[in-house]
Amino acid sequence: MSSLLPREPVVVAPGAVHVPEWLDPERQRDVVQACREWAQGPVPMRHTRMPNGTQMSVQTVCLGWHWMPYRYSRTADDVGGAPVAPFPSWLAGLGRDAVETAYGERDESYEPDAALINFYDSTAKMGMHQDKEEQSSAPVVSLSIGDSCLFRFGNTESRGRPWTDVRLESGDLFVFGGPSRFAYHGVMKTFSGTADSALGLNGRLNITLRVTGL
Ligand code: MD3
Ligand code: FE
């Protein structure tokens, strides 16, 4: 299907670039395996508890820095307090490759130091939000693996319109930099059962790489 009708890179907004099928199936399997290991600890993957007592439907584990509402810490203070697993250098290299693909220019100084690994089961979603705990305006790199989803990319002013809806599929890369770095965004739904069965993944994984500036 995708070979008959290749999906090309799309600049969704200034600084926001969607690169379909960036990770080949073998790399996707390797990343899924890494995520399975990261999910085991030292900090377990879990539903983040929000200040109002509700839990996010997405399950998350972090590398480098632990994100909690609304700050980063080197220890998982809301999940038992263990030190966060280190950010692997190969993942930073993948981030530099991603930014180079999206913007067409290599930046050896791009050094992501936090990764959030989000797992979506068939019912999980993520409401419209901004990522602004980072003290840096460096780009965020997002990798999608497994089930497809409906991703909503909004504006920097409010949760409301205008927005652009994009279907993200397994292997897709999205880079958010420049004027798009602090835009509202969310995941409206996932399309259950759309993952390649060879991945052995019953849901969707999203890996975001960030520069915390901390
Ligand atoms: C645009 N994750 O972890 S990835 C998140 O698919 C998050 O799990 C979603 O939003 C997911 O915070 C969306 C796309 C994404 C991630 C970070 C961004 C878009 C972004 C930061 C700034 C602007
Ligand atoms: Fe986000």
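Basis of the calculations
- Numbering of residues starts from 1 in every chain and runs along the sequence as written.
- For this description, chains carry letters from A and ligands carry numbers from 1, given in the order in which they are written.
- Residue-level local features of this predicted model are given only where pLDDT is at least 70; pairs of side-chain atoms are given and counted only at 80 or more, and the full residue set underlies all totals for whole chains, interfaces and linings.
- Side-chain metrics in this entry use all non-hydrogen atoms of the structure; hydrogen atoms and water are not considered.
- We call a residue near a given molecule or strand whenever any one of its heavy atoms falls within 4 Å of it.
- Counting of polar contacts relies on pairs of N or O atoms within 3.5 Å, with two restrictions inside protein: one atom must be capable of donating a hydrogen and the other of accepting it, and residues adjacent in sequence are counted only when both atoms are side-chain atoms.
- Accessible areas in this description were obtained via Shrake-Rupley with a 1.4 Å probe; residue shielding takes into account the shown protein chains only.
- Atoms of type N, O and S within 2.8 Å of a metal are treated as its donors, and for Na, K and Ca the window is 3.2 Å; water is not considered, so some sites may appear to be missing partners.
- Only protein chains enter the area calculation, which uses a 1.4 Å probe; residues under 20% of their type maximum are buried, those over 50% are exposed, and those in between are partly exposed.
- In plain terms, two cysteine sulfur atoms within 2.5 Å form what is called a disulfide here.
- Secondary structure elements follow DSSP: runs of H or I no shorter than four residues count as helices, runs of E no shorter than two count as strands, and numbering proceeds from the N terminus.
- Any two strands between which DSSP finds at least two bridges are classified as paired.
- Helix span, as expected, comes to 1.5 Å for every residue beyond the first.
- Classification of ring pairs rests on two measures: the distance between centres of Phe, Tyr or Trp rings, Trp counted by its six-membered ring, which must be within 6.5 Å, and the angle between planes, read as stacked under 30 degrees, edge-to-face over 60 and tilted in between.
- The rule is short: NZ of Lys or CZ of Arg within 6 Å of the ring centre and within 35 degrees of the ring normal puts a charge over the ring.
- We call a set of buried residues a nonpolar core when its members are Ala, Val, Leu, Ile, Met, Phe, Trp, Tyr or Cys and they connect through side-chain atoms within 4.5 Å of each other.
- Only heavy atoms enter the contact rule, under which two residues are in contact if any of them lie within 4.5 Å.
- Axis geometry follows a simple rule: fit a line to the C-alpha atoms, using only the stretch in contact for helices, then measure angles between N-to-C directions, giving values from 0 to 180 degrees.

Q: For this particular structure, what's the right way to read the site of ligand 1?
A: What surrounds ligand 1 is a group of 18 residues, the closest being Tyr120, Asp131, His185, Arg204 and Arg210. Measuring from an oxygen atom of ligand 1, one finds a side-chain N or O atom of His129 at 3.2 Å. One of the side-chain nitrogen or oxygen atoms of Arg210 is found 2.9 Å away from an oxygen atom of ligand 1. Coverage of ligand 1 by the protein chains reaches 99% of its 490 Å² of free accessible surface.

Q: Hey, could you run me through the coordination of the iron ion (ligand 2) in this one?
A: Reference values for coordination geometry: four tetrahedral donors around a metal ideally subtend 109.5 degrees, six octahedral donors ideally subtend 90 or 180 degrees. Surrounding the iron ion (ligand 2) are the protein donor atoms His129 (NE2), Asp131 (OD) and His185 (NE2), at 2.0 to 2.1 Å. Sequence spacing of the donors to the iron ion (ligand 2): H-x1-D-x53-H. Overall, the relative accessible area of 19% leaves His129 in the buried class. Residue class for Asp131 comes out buried when judged on its relative accessible area of 10%.

Q: Looking at this model, I keep getting lost on the state of the cysteines. Mind explaining?
A: Working definition of a disulfide: a covalent bond connecting the sulfur atoms of two cysteines. One pass over the full model with this rule turns up zero disulfides. Cysteine Cys35 remains unbridged, with the sulfur of Cys62 as its closest cysteine sulfur at 12 Å. On the basis of relative accessibility, which here comes to 3%, the residue Cys35 falls in the buried class. Of all cysteine sulfurs, the one in Cys35 lies closest to Cys149, which takes part in no disulfide; the gap is 15 Å.

Q: Sorry if this is basic, but what is going on with the pairing of strand β9 (residues 140-146) here?
A: Burial analysis of β9 places seven of its seven residues in the buried class, the great majority of the element. Bridge analysis of β9 against strand β14 (residues 204-210) gives six bridges, and the strand direction is antiparallel. Residue Ser144 lies in a different strand from β14, and its bridge partner there is Asn206.

Q: Can you help me understand helix α2 (residues 89-103) in this one?
A: Helix length check: α2 (15 residues) gives 21 Å between terminal C-alpha atoms against 21 Å at 1.5 Å per residue, within 8%. Two residues or fewer after α2 comes Gly104, characterised by a positive phi angle close to 75°.

Q: I'm lost on the packing of aromatic side chains in this one. Help?
A: Aromatic rings considered in pairs are described by the distance between their centres and by the relative angle of their planes. According to the stated counting rule, one finds six aromatic pairs in the structure shown. Aromatic rings pair up to connect Phe151, Phe153, Phe174 and Phe176 into one cluster. The ring centre of Tyr120 lies 5.0 Å from the NZ or CZ of Arg204, which sits over that ring.

Q: Help me understand the nonpolar core in this model?
A: Across soluble globular proteins, you tend to see nonpolar side chains buried next to one another. Counting 36 residues, the largest nonpolar core has Ile117 and Ile145 as its most contacted members. If you list the elements that add at least two residues to this core, you get β2 (16-19), α1 (25-38), β4 (55-63), α2, β7 (114-120), β9, β12 (173-176) and β14. The dominant element in this core, judged by the number of residues it contributes, is α2, at six residues. Beyond its immediate sequence surroundings of up to four residues, Ile145 is in contact with Leu23, Gln28, Val31, Val32, Ser170, Gly171, Leu199, Leu201, Gly203, Arg204, Leu205 and Ile207. Tyr120, Val166, Leu168 and Val187 belong to the second-largest nonpolar core, a separate cluster that totals 24 residues.

Q: When you look at the sheet that holds β9 in this model, what are you seeing that I'm missing?
A: Consider a sheet: its strands pair through backbone hydrogen bonds, and that pairing is either parallel or antiparallel. Reading across from one edge, β1-β2-β12-β9-β14-β7-β4-β3 is the order of the eight strands in this open sheet, with antiparallel pairing throughout. Two strands lie at the open edges of the sheet, namely β1 (10-13) and β3 (46-49), each paired on one side alone. In this sheet, neighbouring strand axes are inclined to one another by 30° on average, regardless of whether the strands run parallel or antiparallel. Bridge count for β2 against β12 is four bridges, and the pairing is antiparallel. The partner of Val17 across the bridge, within β12, is Val175. Strands β4, β7, β9 and β14 of the sheet are contacted by α1, whose axis makes an angle of about 85° with β14.

Q: Would you mind showing me how to read the sheet that holds strand β11 (residues 164-168) here?
A: Spatially, the four strands line up as an open sheet ordered β8-β13-β10-β11, and their pairing is antiparallel. With one partner strand each, in any of the chains shown, β8 (126-129) and β11 form the two edges of the open sheet. Within the sheet, the average angular offset between the axes of one strand and its neighbour, ignoring direction, is 20°. Inspection of the sheet shows strand β10 (residues 148-153) paired to strand β13 (residues 185-191) by six bridges, in the antiparallel sense. Bridge pairing in β13 links Arg152 to Gly186.

In short, the description is geometric, and any link to function would need to be established separately.
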